[in-house]
Amino acid sequence: MNISRYIFCAALLAALAMFANEAQAQSQSPDPAPVLAQASCARAVAQAERQTGGRVIGSPRTVNQGGQTICVIQLLVPDPRGVQPPMRQTVRIPAS
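Every value quoted in this text rests on a predicted model; they were computed, and no experiment measured them. (Residues numbered from 1 in each chain as written. Predicted model: local features only at pLDDT ≥ 70, side-chain atom pairs only at ≥ 80, totals over all residues. Heavy atoms only, no water.)

Would you mind going over the overall build of the chain with me for this structure?
For the chain, the count of helices and strands is three helices and four strands. Counting helices and strands in the order they occur from the N terminus, the chain gives α-α-α-β-β-β-β. Taking all 96 residues of the chain together, the buried fraction comes to 16%. Long-range contacts, defined here as pairs at least 24 residues apart, represent 37% of the contacts in the chain between residues at least 6 apart. (Helix = DSSP H or I, 4+ residues; strand = E, 2+ residues; numbered from the N terminus. Buried < 20%, exposed > 50% of the residue type's maximum accessible area, 1.4 Å probe, protein only. Contact = heavy atoms within 4.5 Å.)

Hey, could you run me through the nonpolar core in this one?
Residues Cys-41, Ala-44, Val-45, Ala-48, Cys-71, Ile-73, Leu-75, Val-77, Val-91 and Ile-93 constitute the largest nonpolar core, which totals ten residues. Among the secondary structure elements, those contributing two or more residues to this core are helix H3 (42-52), strand S3 (68-77) and strand S4 (87-94). By residue number, the principal contributor to this core is S3, which donates four residues. Ignoring sequence-local partners within four residues, the contact set of Val-91 consists of Ala-48, Thr-52, Cys-71, Val-72, Ile-73 and Leu-75. (Core = buried A, V, L, I, M, F, W, Y, C linked by side-chain atoms within 4.5 Å.)

Sorry if this is basic, but what is going on with the state of the cysteines here?
Such a bond, covalent and formed between the sulfur atoms of two cysteines, is termed a disulfide. Scanning all chains against the criterion turns up one disulfide. Paired by a disulfide, Cys-41 and Cys-71 hold their sulfur atoms 2.1 Å apart. Linking Cys-41 and Cys-71, the disulfide has an S-S dihedral of approximately -95° and is accordingly described as left-handed. Taken together, the residues Cys-41 in the loop between helix H2 (32-40) and H3 and Cys-71 in strand S3 connect sequence positions 30 residues apart. Cys-71 shares its class with Cys-41; the two are buried. (Disulfide = S-S within 2.5 Å.)

I'm lost on H3 in this one. Help?
Because each turn of an α-helix spans 3.6 residues, side chains separated by three or four positions end up pointing in the same direction. By the burial criterion, the buried members of H3 are Ala-44, Val-45 and Ala-48. The buried residues of H3 occupy an angular sector of 100° when the element is viewed end-on, so they sit on one face. Opposite the packed face of H3, turned more than 90 degrees from it, sit the exposed residues Arg-43 and Arg-50. Buried residues along H3 sit in contact with strand S1 (55-56), S3 and S4. Following H3 by one or two positions, Gly-53 adopts a phi angle in the positive range, close to 75°. (Arc of directions from axis to C-beta.)

Sorry if this is basic, but what is going on with the side chain of Ser-40 here?
For Ser-40, the position within the fold is in helix H2. What makes Ser-40 buried here is its relative accessible area of 17%. Each residue touching Ser-40, except ones within four places of it in the same chain, is listed here: Cys-71, Ala-95 and Ser-96.

How should the side chain of Asp-79 be read in this particular structure?
You can see Asp-79 is positioned in the loop between S3 and S4. Of the side chains bearing the opposite charge, Arg-81 lies closest to the buried Asp-79, which forms no salt bridge; the N-O distance is 4.2 Å. Of the polar contacts made by the side chain of Asp-79, one reaches the backbone nitrogen of Val-83; its length is 2.9 Å. (Lys, Arg positive; Asp, Glu negative; His and termini not counted. Salt bridge = Lys/Arg side-chain N within 4 Å of Asp/Glu carboxyl O. Polar contact = N/O pair within 3.5 Å; in protein donor to acceptor, adjacent residues only side chain to side chain.)

Shown next as structure tokens:
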């Protein structure tokens, strides 16, 4: 009876290890959509920084407006006079 219990436990542990490895492999596979969204917003980010003189806060996100992909970019824009603290500004630029 003890031998069959050990065999059962070993088989159960092997099955659990197999499922854990499969789940880990699936969770590590990259999602291509965010990479494509970031790549298509690279020019929009550079344009927003040039236009405002600010720097990007966080990652840009994409939205679909009227069938067109738009990059929504948040920037921290310094006060031109240097008196006020930097202001947060959101810019929407078509993705390229």
